[in-house]
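The residues making up each chain are set out below.
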Amino acid sequence: MKILVVFHLLSCLLGASSCDSEEVNPGAEPDPTTPVETRDSTNAIYRQFFFTGTHNSYSGNQNGMKREGIKTQLAKGLRFFEFDMFSFYTEELLSTETTSNLKHLTLEHGEKVYLFSLDETNGLVSIKDIATGQQVYENTSALWTAGEAEVIAYNFQGRTYLVVYYSQSGELITYDFSGNGLNLVKQQRLAPSDAELKLFSFQNELYLSLHNQDDQTVSVYPFITQEEEPLIGNRKLIIDGASADMAVTPFVQNEQLHLFKHNQKYVSSFSITSIETSTSTWSQKGEVSGNSSKLVGKVNAIYSGEKLFLNTYLASGQMNSFQLILDNGKPNVVEEYNGEIDFLAGANVELFAANSGFYTQLKQSNKMQLAKLNIGDLVLGHDAPGDEVDLTVDNPNSILLKDWISYIANWSDENPNHEPLFIMTELKEYEHWMADAKWQNIIKLMQEQFGEKLRYHSSSGFYNEELVEASKIVDGKTLYYMDENGSKEGGLLGKVILYIQPNNNITKSDHTNDFEPFNTTDGTLQSNFIQLKNYRVNNKLVSPDWRKPGNYGNDVGRFIDAKDDSYISRIFHMQSTDGNSQYANIRCTDVMFAVSDRPFDSGPYANYVKEQKAKNSMQPLVGCSK
């Protein structure tokens, strides 16, 4: 039998470079009167891996806490970071006064956002860079005439098209916006009609849908900007029965063209018409109806970024947004956005396409508010995006997760032998994460930033994730500072461990159809629901309710109970793969994180850290048994 010789571990466990192992004599026999002690963590009855960190690591010194910023936390030896995550946020771009005769439109070109304004009383046009307020265009062309006009914009193949339609004359004019001016592309006279126009792309071609509210039809035409042919080609599709109070929005999903139809008189109801496009003349091939209690107030639809978004607005100013997903042919309204800023009350709403999400324009009397709803971005916040994120201390000056992870990654590169870092991401309001499997964006971001350093905290979610190498999943039995031979180079020094925790409401059901508005049990949404739920299954990172200190057992509860100017807000315990009864002997666990909202104060937290770090050495702990 080989002897695994015990060596001094304290400096190893603290990541110091002075930790050297003793020589091992492979031929020696153990003294039968001396207990055999192992150096791996499988039977680590003498050891614990103890780390310090913060709860809500982004909150700095807000609300009287003294967390400081990420820079200070890293410098002080904190290695556990908790980030509450949202998958949306609002940028308020403009809040100004306007007049009723001005028609406004939001344009994107390159990385910039512009405000188009048309004065319908005299045909005067201006385009301004919203960020700088600089005017980049004003019209001199006689084509811009007085009168009510329908104006739309669309980005296609790197170009920004601006289309204006005068209903009284039937004049249809198209411009190309270059970022500093408008260039006339084509014009064509159509039969005058009270019409709503929308541009969309399908199979790499550009099309125009025209909802003629006079004869209650929807027509689709090829929209031709390059050749010498007319601006719009021969009609591809006509559908009857589109009343004047109905909004019709073309959208593409799974390479299939559909029309979303919504009548504001029946707010929660809608229908989706599928279009047969395999022949030269298109036709209707099916229709499904849907209903969602999520749709309230004023409902607008917009096809943006290859997604169909539904935006709801109440007279109070409350705004919510959803994605319409056809899952196995069934329509589902999936929540994507909760308005976390104050919007104008009692306003008229218009939506414009954006690279990520869409723009909302609110007009009420002589006031106008323009905001961008960013949907799909990863942002920090406690109760809402940006909530309690302290940008006054040494934190990144941003609420975007990528900026914080980039900072931590640079610190890791500059400190290659650091103790392993643990990054915990708590996904708020889980429904937002299901559409498009947005949690995978967290994994991709971490992989891009940390590369081969990245490890994953054990859960069924990571084991079922195609993006993850199973060999890089770690748990409570993992050797954090050394390999089985006692070498630091074989442990997790310099590594980063990712933990994903969805909101616990996801554990209340096995099926998405138990939650409004889902009604599928075998489609993409159900698969996403199950996979997201897997991140809470067998995750082995547990924390008793910190509001009940007695649950912690031993002497931990008294530290939590002593909530004066510094305290332990909670303790996370990384359980071994077959571990149980962690509460009774929580100070004897394999891996433990004592999290404080005031980590740099003297007092109970500092005292507890001192005690526990002393016990990281190879010393028998009273109360811990084999």
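The model shown is predicted, which means the values in this text are computed figures rather than measured ones.

Quick word on the overall build of the protein
Part 1 of the argument: Broken down by element type, the protein carries nine helices and 32 strands.
Part 2 of the argument: Expressed as a percentage of the 626 residues in the protein, the buried residues total 56%.
Part 3 of the argument: Here the contacts in the protein between residues at least 6 apart in sequence split such that 58% fall between residues at least 24 apart.
Part 4 of the argument: Carbon and sulfur atoms make up 44% of the accessible area of the protein, which amounts to about 26,900 Å² in all.

Here we look at the pattern of salt bridges
Part 1 of the argument: All told, the structure shown has 17 salt bridges when counted by the stated rule.
Part 2 of the argument: Between Arg 67 and Asp 597 there is a salt bridge, with the nearest N and O atoms lying 3.0 Å from each other. Of this pair, Arg 67 sits in the loop between strand 1 (49-54) and helix 2 (70-75) while Asp 597 sits in the loop between strand 32 (591-596) and helix 9 (604-614), placing them 530 residues apart in sequence. Of the two residues, Arg 67 and Asp 597, both sit in the buried class.
Part 3 of the argument: Among the ionic pairs, Asp 245 bridges to Lys 265, the shortest N-O distance being 3.1 Å. A residue pair is termed long-range when its members are at least 10 positions apart, and Asp 245 in the loop between strand 14 (237-240) and strand 15 (246-253) and Lys 265 in the loop between strand 16 (256-263) and strand 17 (269-276) qualify at 20 residues.
Part 4 of the argument: Owing to a relative accessible area of 63%, Lys 265 belongs among the exposed residues under this scheme.
Part 5 of the argument: Three or more residues are tied together by salt bridges with common partners; here these are Lys 294, Glu 335 and Glu 431.

Here we look at the packing of aromatic side chains
Part 1 of the argument: Inspection of the entire model under this criterion finds 18 aromatic pairs.
Part 2 of the argument: On the numbers, 6.2 Å between centres and 65° between planes, the contact of Tyr 430 with Phe 529 is edge-to-face. Note that Tyr 430 is positioned in the loop between strand 26 (421-427) and helix 4 (431-434) and Phe 529 in helix 7 (residues 524-534), a separation of 99 residues in sequence.
Part 3 of the argument: Classification of Tyr 430 as buried rests on a relative accessible area of 7%.
Part 4 of the argument: Given the relative accessible area of 1%, Phe 529 is considered buried.
Part 5 of the argument: Centre to centre, the rings of Tyr 456 and Phe 462 are 5.1 Å apart; their planes meet at 50°, and the pair counts as tilted.
Part 6 of the argument: A relative accessible area of 4% means that Tyr 456 is categorised as buried.
Part 7 of the argument: Linked through ring pairs, Phe 51, Phe 80, Phe 422 and Phe 593 together constitute an aromatic cluster.

What counts and how
Residues numbered from 1 in each chain as written. Predicted model: local features only at pLDDT ≥ 70, side-chain atom pairs only at ≥ 80, totals over all residues. Heavy atoms only, no water. Helix = DSSP H or I, 4+ residues; strand = E, 2+ residues; numbered from the N terminus. Buried < 20%, exposed > 50% of the residue type's maximum accessible area, 1.4 Å probe, protein only. Contact = heavy atoms within 4.5 Å. Areas by Shrake-Rupley, 256 points an atom, 1.4 Å probe, with all protein chains shown as cover. Salt bridge = Lys/Arg side-chain N within 4 Å of Asp/Glu carboxyl O. Phe/Tyr/Trp six-rings, centres within 6.5 Å; stacked < 30°, edge-to-face > 60°.

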